[in-house]
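Close look at the chain arrangement
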Amino acid sequence: MGQQQQRPISNRPISFLNRNGLFLLLLALLVLLGVCLPLSEFPLFMFPNRTSASSPPPSPSFVVSDWRDYTLAQAAKFVAKNGTVIVCAVSYPFLPFLNNWLISISRQKHHEKVLVIAEDYALLYKVNEKWPGHAVLIPPALDPKAAHHFGSQGFYNLTSRRPQHLLDILELGYNVMYNDVDMVWLQDPFKYLQGSQDVYFMDDMTAIKPLNHSHGLPPSRNGVTYVCSCMIFLRCTSGAKLLLKKWVEEIRAQPWSNTEAKKPHDQPAFNRALHKITQIDVYLLPQSAFPSGGLYFKNQKWVNETKGKHVIVHNNYIVGYKNKLKRFQDFGLWLVDDHSHESPLGKIE
């Protein structure tokens, strides 16, 4: 009998077992990709990959069931970039101002390092719903309605916690910039924060300074300076930590009083601390770049003369939510209505 001719291997039909083997191999590869890729993109294994301000963040790979358990250390590690965190402290009624501030920061490409210290749970959940991982609450939570009114005990309770929050971040090893959210960034402020000084701040006076004014602690009137505590940059140095510890002490030394003349405020306490701590290197930022609201919104001649130099505008020297909102609108600095898509929070309903 002649030997039966063997069919070429390439023409043999794939057996059922081989088909299953290929299927299982492909399935294993898909599972492996599905596990490894999210882990490489989510720094805390629970937050989405960072996105541009113009697009909403993707859904997190692991949803945090209760943001109450989210710590300052976790939050700072998540947002820090180049060793720096940008911080604000906000209660829920000021959410639109937070969004306005974020739009202006997004335009300068610094929004990813922003950490919102929520002073109430409503804001904590709202920000993390829209922008997971960028808000943290440091207990106890405050009454959002009480914290909304300037000069009230609730407002004092909110602002008096600021130096401790900043100190805690320095102790974690990060540089920190603090802003009030009634500010708008017109340019990148970080080009003014070069050097090795411990703390950078802006003067809150309305008197016009020469363009080449000194950058040391400004002269005092009756022993008191008027440095603004609403925009501060602190390096993670022993001098900056010493200043914040003294600021905390000065605030605790002035208990709340409802008497108008004795109402405590965090800013005078900051100025007293600046005068009492001598082993610190300070830097007064240029007035033309960091003007007070009392100058920027009330002296059009000066604004015209310094056009192009303004970096951060502070909407102070005016009291009340509606008044601040109208002033921003009047000067073309209320960005929320037409540019909410530029904020990482998007449009707030």
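Throughout, a residue's number is its position along its own chain's written sequence, starting from 1. Where totals are concerned, whole chains, interfaces and linings use all residues; where local detail is concerned, this predicted model gives features only for residues with pLDDT of at least 70, and gives and counts side-chain atom pairs only at 80 or more. Hydrogen atoms and water are omitted, and side-chain values are computed over all heavy atoms in the structure.

This paragraph deals with the overall build of the chain. Along the chain, the regular secondary structure elements total 13 helices and nine strands. We call two residues in contact when some of their heavy atoms are within 4.5 Å. At a minimum sequence separation of 6, the contacts of the chain that also span at least 24 residues come to 71%. Here the Shrake-Rupley method, with its probe set to 1.4 Å, supplies the accessible areas, and only the displayed protein chains count as covering residues. Here the chain has roughly 17,800 Å² of accessible surface; of this, 56% comes from carbon and sulfur atoms. Strands here mean DSSP runs of E at least two residues long; helices mean DSSP runs of H or I at least four residues long; both are numbered from the N terminus.

Next up on the list: the nonpolar core. Ranked by internal contacts, the top residues of the largest apolar core, which has 91 residues, are Val87, Leu98, Trp101, Val116, Leu234 and Trp247. Filtering out sequence-adjacent residues up to four positions away, Val116 remains in contact with Cys88, Val90, Leu98, Leu123, Val127, His134, Ala135 and Val136. Residues belong to a common nonpolar core when they are buried Ala, Val, Leu, Ile, Met, Phe, Trp, Tyr or Cys residues joined through side-chain atoms within 4.5 Å. Buried residues are those whose accessible area, probed at 1.4 Å on protein chains only, stays under 20% of the maximum for their type, while exposed residues exceed 50% and partly exposed ones sit between those limits.

Along the chain, Ser292 falls in the loop between β8 (282-284) and α10 (293-296). Ignoring sequence-local partners within four residues, the contact set of Ser292 consists of Met202, Asp203, Asp204, Met205, Thr206, His314, Asn316 and Tyr317.

On to the packing of aromatic side chains, then. The aromatic pairing rule takes the rings of Phe, Tyr and Trp, using the six-membered ring of Trp, and pairs them if the centres are within 6.5 Å, calling planes under 30 degrees apart stacked, those over 60 edge-to-face and the rest tilted. Scanning the entire structure with this criterion turns up 19 aromatic pairs. On the numbers, 6.2 Å between centres and 85° between planes, the contact of Phe190 with Phe233 is edge-to-face. One end of the pair, Phe190, is in the loop between β5 (183-185) and β6 (199-203); the other, Phe233, is in strand β7 (residues 227-234), and 43 residues separate them in sequence. For the pair shown, Phe190 and Phe233 are each scored as buried. Ring geometry for Phe297 versus Phe331: centroids 4.8 Å apart, planes at 85°, classification edge-to-face. With Phe297 in the loop between α10 and α11 (300-305) and Phe331 in the loop between α12 (321-330) and α13 (336-339), this residue pair connects regions lying 34 residues apart in the sequence. Residue classification places Phe297 among the buried positions, given a relative accessible area of 10%. We count a charge as sitting over a ring when the NZ of a lysine or the CZ of an arginine lies within 6 Å of the ring centre and within 35 degrees of the ring normal. Between Arg68 and the ring centre of Tyr121, over which it is positioned, the NZ or CZ distance is 3.9 Å. It is Lys113 that lies over the ring of Phe190; its NZ or CZ is 5.1 Å from the centre.

Our next topic: helix α4 (residues 121-130). Within the sequence span of α4, burial applies to Leu123, Leu124, Lys126, Val127 and Asn128. Those residues of α4 hidden inside the fold are in contact with β1 (84-90), α3 (95-107), β2 (114-118) and β3 (135-137).

Attention now moves to the confidence of the model for the chain. On average, the chain scores 82 in pLDDT, and the residues at 70 or more come to 72%. Here residues 1-17 is modelled with pLDDT under 50, and outside its nearest four sequence neighbours on either side it reaches four contacts, counting other chains as well. Predictor confidence is given residue by residue as pLDDT, running from a minimum of 0 to a maximum of 100. Of the regions scoring below 50 in pLDDT, residues 35-62 engages in 55 contacts with residues more than four places distant in sequence or in other chains.

Across the five residues of β2, five count as buried, placing the element largely inside the fold. Of the two faces of β2, the one carrying Val114, Val116 and Ala118 and the one carrying Leu115 and Ile117 are both buried. Any two strands with at least two DSSP bridges between them are considered paired. Both β1 and β2 contribute to a ladder of five bridges, which runs parallel. Paired with Val87 across the two strands is Leu115, which belongs to β2. The pairing of β2 with β3 spans three bridges and is classified as parallel. Looking at the pairing, Ala118 lines up with Leu137 of β3. Between β2 and its parallel partner β3, the chain crosses via α4, and the hand of that crossover is right-handed. Crossovers are described as right-handed under a simple rule: with the strands pointing away from the observer, the path leading from the first strand over the helix to the second runs clockwise.

Here Val136 shows up in strand β3. Residue class for Val136 comes out buried when judged on its relative accessible area of 1%. Each C-alpha atom of the pair Val136 and Tyr70 lies 6.5 Å from the other, and the pair is 66 residues apart in sequence. If near-sequence neighbours (up to four positions away) are discounted, Val136 is found in contact with Tyr70, Thr71, Leu72, Ala75, Leu115, Val116, Ile117, Ala118 and Leu124.

Turning to the pattern of salt bridges, a few remarks are in order. Should a side-chain nitrogen of Lys or Arg be within 4 Å of a carboxyl oxygen of Asp or Glu, the pair is scored as a salt bridge. Summed over the entire model, instances satisfying the criterion amount to 13 salt bridges. Arg107 is the salt-bridge partner of Glu342, the closest N and O atoms lying 2.8 Å from each other. Of this pair, Glu342 sits in the segment after α13 while Arg107 sits in helix α3, and the two are 235 residues apart along the sequence. Among the residues examined, Arg107 registers a relative accessible area of 37% and is labelled partly exposed. Salt-bridge contacts for Lys241 lead to Glu171; the nearest nitrogen and oxygen are separated by 3.8 Å.

Now for the pairing of β7. Across the eight residues of β7, eight count as buried, placing the element largely inside the fold. Direction of pairing for strand β4 (residues 175-179) relative to β7: antiparallel, over a ladder of four bridges. When the sheet's bridge partners are listed, Val176 is paired in β7 with Leu234. The sheet contact formed by β6 and β7 spans five bridges and is antiparallel. Within the sheet, the bridge partner assigned to Met202 lies in β7 and is Cys228.

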